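Working through the structure, step by step
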There are 2 protein chains.
Amino acid sequence: MPKETFFNLPDDKRSLICDVAIEEFTEYLYDQASVNRIVAKAGIAKGSFYQYFEDKKDLYMYVLQVIAEKKLEYISPVMRNPYQHDIFTLLREVYLSGIQFAANHPDYAEIGTKLLQSKNSPIFDQVVDENLPAANDMFEALLARAVERGEIKADTDVKLFAYMISSMTAVVSSYYVENVATTYGDELMETVDKFLDFLKHGLGTDSSQLSR
Amino acid sequence: MPKETFFNLPDDKRSLICDVAIEEFTEYLYDQASVNRIVAKAGIAKGSFYQYFEDKKDLYMYVLQVIAEKKLEYISPVMRNPYQHDIFTLLREVYLSGIQFAANHPDYAEIGTKLLQSKNSPIFDQVVDENLPAANDMFEALLARAVERGEIKADTDVKLFAYMISSMTAVVSSYYVENVATTYGDELMETVDKFLDFLKHGLGTDSSQLSR
DNA sequence: ATATGATGTGACCAGGTGGTCACGTGACCG
DNA sequence: CGGTCACGTGACCACCTGGTCACATCATAT
């Protein structure tokens, strides 16, 4: 947690520091990110920085928290009542909100991606071990329930595809942002629907005659 | 390329240096990897290192080349005559050889993964820009041909799924190595076949098509 | 025995890192 | 006015990095 002094700062200065920090963590992994560059860009003295934050980790954690709060705004109302919808509807919402978030805040999304890339850095264990298995477990639970309900094949390897699906959220997002558009639009729906159809029916032609 | 002096070294010393380097690049991204640690672990003087290699990049490139040579041993004969097989057979071979390689040489595979994670480091452009779009383009060509042949749906977004499939090679491999086994075995076939079935038919049951 | 040339060596360099600390500055208060 | 106290400051610290270089070592050829 940043120190009191940070929150006492005038709003513009505080948000400038915040913006500069986000810019830095967007461009560099945690280990590469430089406090020296941050204070230089923000135009504050090194000493001041350490009066606002305990250390580099403190700043990083704060930035992650800001991002998490932003991301919360994107999760769909549908996801709050998961038991009322089938798994493909839920997955559609998950991917939609994920891509929307990535499209509207590519910098924030990039920081999240970078965090996942730091798997071997000590910082990773301290941050992710507490928060991230959550995503995998959630997909596992969703898939298990979908099997029970007969929404997906009974012999689905739940663990394998929970892993695949949670990995693919990042892949689909980055594809969309890199290749389709950087804003929310009709193409977004299209990309997600293509992907959802793939999840449901695969790429093969034999099953497509049933559904299309 | 390493200097002549490196190849003049007695075999055991040369392969020790090579092993230590691989160990280092397995554990750290290129930027984090430390020449100081490498020479310490290998028990050679700093100055000697720079008599064997131009610089850190030179060593890294050499290690990558060793890995690439190793990986070549794994590509299936099937892939050498791609036009005789349907796309799912080809993909099966691609994933099989990818996982076999990762299972037999987890350290080598890890270095490859780490390279892909260094997307923003200057080293990435120098290495990958020449070699990697290849993978994506290959999948794109395979998919386009599969569409022509009627092996997959006519309206498949070739670019999107070329991207997905090439990303998923890494995901499937890492899942297999982390969660199933670290050696080649029957489970390998099982994992790949599960995944191939998913690519072909999707996760959905025949009745779940109602829900969209 | 001497000379030559390739190879081994580690102190050293410039430049970076995260973090500290003694001191300045200035706003408020009695 | 003097006192106080929160905040601003940048020189400084120890430590690390990739890379260099003058010198030591040693096998071979003469």
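Whatever comes next refers back to the structure up there.
A few points on the structure. (Residues numbered from 1 in each chain as written. Chains lettered and ligands numbered in written order. Predicted model: local features only at pLDDT ≥ 70, side-chain atom pairs only at ≥ 80, totals over all residues. Heavy atoms only, no water.)

**Describing the pattern of salt bridges**
Residue and element names in this part refer to chain A. Considering all chains together, one arrives at 17 salt bridges over all chains under this definition. With a closest N to O distance of 3.4 Å, glutamate 23 and lysine 41 form a salt bridge. Remark: lysine 41 occurs in helix α3 (residues 35-42) and glutamate 23 occurs in helix α2 (residues 11-27); sequence separation between them is 18 residues. What makes glutamate 23 partly exposed here is its relative accessible area of 41%. (Salt bridge = Lys/Arg side-chain N within 4 Å of Asp/Glu carboxyl O. Helix = DSSP H or I, 4+ residues; strand = E, 2+ residues; numbered from the N terminus. Buried < 20%, exposed > 50% of the residue type's maximum accessible area, 1.4 Å probe, protein only.)

**As for the interface of chain B and chain A**
Contacts between chain B and chain A engage 48 residues on the former and 49 residues on the latter. For the pairing of chain B and chain A, the buried interface totals around 4400 Å² over both sides, and the portion due to carbon and sulfur atoms is 59%. The tally of links between chain B and chain A comes to 4 salt bridges. In this structure, the salt-bridge partner of Asp197(A) is Lys153(B), at a minimum N-O distance of 3.5 Å. Broken down by secondary-structure element, the contributors of at least two residues to the side of chain B that touches chain A are α7 (106-117), α10 (158-180) and α11 (186-201) of chain B. Per-element tally for the side of chain B that touches chain A: the top contributor is α10(B), with 14 residues. (Contact = heavy atoms within 4.5 Å. Buried area = accessible area lost by both parts, 1.4 Å probe.)

**Quick word on the nonpolar core**
Across soluble globular proteins, nonpolar side chains have a tendency to be buried as a group. Among the nonpolar cores identified, the biggest contains 70 residues, and Tyr95(A), Met168(A), Phe195(A), Tyr95(B) and Phe195(B) are the most heavily contacted of them. Among the elements of the structure, α6 (87-104), α9 (133-149), α10 (158-180) and α11 (186-201) of chain A together with α6 (87-104), α9 (133-148), α10 and α11 of chain B are those that each provide at least two residues to this core. For Phe195(B), the contacting residues outside a window of four places in its chain are Phe161(A), Met164(A), Tyr95(B), Met168(B) and Val172(B). One finds Phe6(B), Phe25(B), Phe49(B) and Phe101(B) within the second-largest nonpolar core, a separate group that totals 35 residues. (Core = buried A, V, L, I, M, F, W, Y, C linked by side-chain atoms within 4.5 Å.)

**Some remarks on the protein's contact with DNA strand C**
In the neighbourhood of DNA strand C, 19 residues make up the surrounding shell, with Ala33(A), Ser34(A), Lys46(A), Tyr50(A) and Gly47(B) lying closest. The sugar-phosphate share of atoms of DNA strand C within 4 Å of the protein amounts to 58%. In the model, a phosphate oxygen of DNA strand C is placed 2.7 Å from a nitrogen or oxygen of the Ala33(A) main chain. In the model, a phosphate oxygen of DNA strand C is placed 3.0 Å from a nitrogen or oxygen of the Tyr52(B) side chain. Secondary-structure elements contributing two or more residues to the surface near DNA strand C are α3 and α4 (46-52) of chain A together with α1 (4-8) and α4 (46-52) of chain B. Among the elements that line the surface near DNA strand C, the one with the most residues is α4(B), at 5 residues. Its residues assigned to classes, the surface near DNA strand C shows 6 nonpolar, 8 polar and 5 charged. (Near = heavy atom within 4 Å. Polar contact = N/O pair within 3.5 Å; in protein donor to acceptor, adjacent residues only side chain to side chain. Nonpolar A, V, L, I, M, F, W, Y, C, P; charged D, E, K, R; others polar.)

**Observations concerning helix α2 (residues 11-27) of chain B**
In a regular helix each residue adds 1.5 Å, so 17 residues correspond to 24 Å; α2(B) covers 24 Å between its end C-alpha atoms and thus fits that length. When we look at burial in α2(B), the residues that qualify are Ile17(B), Cys18(B), Val20(B), Ala21(B), Ile22(B), Glu24(B), Phe25(B) and Thr26(B). (Expected span 1.5 Å × (residues − 1).)

**Thoughts on the packing of α6(A) against α10(A)**
Each packed pair of helices is defined by two parameters, the angle between the axes and the distance between the axes. Residue and element names in this part refer to chain A. The N-to-C vectors of α6 and α10 enclose an angle of 45°; their axes lie 9 Å apart at closest approach. Classified by the angle between their axes, α6 and α10 sit oblique to one another. Our pair here, α6 against α10, has a crossing hand that is right-handed. Seen from α6, the contacting residues are Leu91, Val94, Tyr95, Gly98, Ile99, Ala102 and Ala103; seen from α10, they are Ile165, Met168, Thr169, Val172, Ser173, Tyr176 and Val177. Per-class residue counts for the contact of α6 with α10 are 11 nonpolar, 3 polar and no charged. (Axes fitted to C-alpha atoms, helices over the stretch in contact; angles between N-to-C directions. Parallel < 35°, antiparallel > 145°, perpendicular 65-115°, else oblique. Left-handed = near helix turned anticlockwise from the far one by under 90°.)

**Some points on the packing of aromatic side chains**
This model, assessed by the stated rule, comprises 33 aromatic pairs over all chains. Residues Phe53(A) and Tyr62(A) carry aromatic rings whose centres are separated by 6.5 Å and whose planes lie at 45° to one another, so their mutual orientation is tilted. There is no split in this pair, since Phe53(A) and Tyr62(A) are both buried. Each residue in the set Tyr95(A), Phe161(A), Phe195(A), Phe198(A), Tyr95(B), Phe161(B), Phe195(B) and Phe198(B) is aromatic and connected to the rest through ring pairs, giving one cluster. Between Lys56(A) and the ring centre of Tyr30(A), over which it is positioned, the NZ or CZ distance is 4.6 Å. When the ring centre of Tyr28(B) is taken as origin, the NZ or CZ atom of Arg37(B), which lies over that ring, is 3.9 Å away. (Phe/Tyr/Trp six-rings, centres within 6.5 Å; stacked < 30°, edge-to-face > 60°. Lys NZ or Arg CZ within 6 Å of the ring centre and 35° of its normal.)

**Thoughts on the side chain of Arg145(B)**
All names here are of chain B. With respect to the helices and strands, arginine 145 occurs in helix α9. Of the side chains with opposite charge, glutamate 151 comes closest to the buried, unpaired arginine 145, at an N-O distance of 5.4 Å. Engagement of the side chain of arginine 145 in a polar contact is seen with the backbone oxygen of proline 82, the distance being 3.4 Å. Once residues lying within four places of it in the same chain are set aside, the contact partners of arginine 145 are Pro82, Tyr83, His85 and Leu90. (Lys, Arg positive; Asp, Glu negative; His and termini not counted.)

**A word on the protein's contact with DNA strand D**
Neighbouring residues of DNA strand D: 18 residues in total, closest Thr5(A), Gly47(A), Ala33(B), Lys46(B) and Tyr50(B). Among atoms of DNA strand D positioned within 4 Å of the protein, sugar and phosphate together represent 59%. Here a base nitrogen of DNA strand D and a side-chain polar atom of Gln51(A) are 3.2 Å apart. Ser34(B) is positioned with one of its side-chain polar atoms (N or O) 3.1 Å from a phosphate oxygen of DNA strand D. Elements with a minimum of two residues in the surface near DNA strand D: α1 (4-8) and α4 of chain A together with α3 (35-42) and α4 of chain B.

**Considering the relation of the copies chain B and chain A**
Superposition of chain B onto chain A requires a rotation of 180° combined with a translation of 0.0 Å along the rotation axis, giving an RMSD of 0.1 Å. Here the symmetry operator amounts to a two-fold rotation axis. Of every C-alpha in chain B, the one belonging to Gly202(B) sits nearest the axis of rotation, 1.9 Å from it. (Least-squares fit on C-alpha atoms with pLDDT ≥ 70 in both.)

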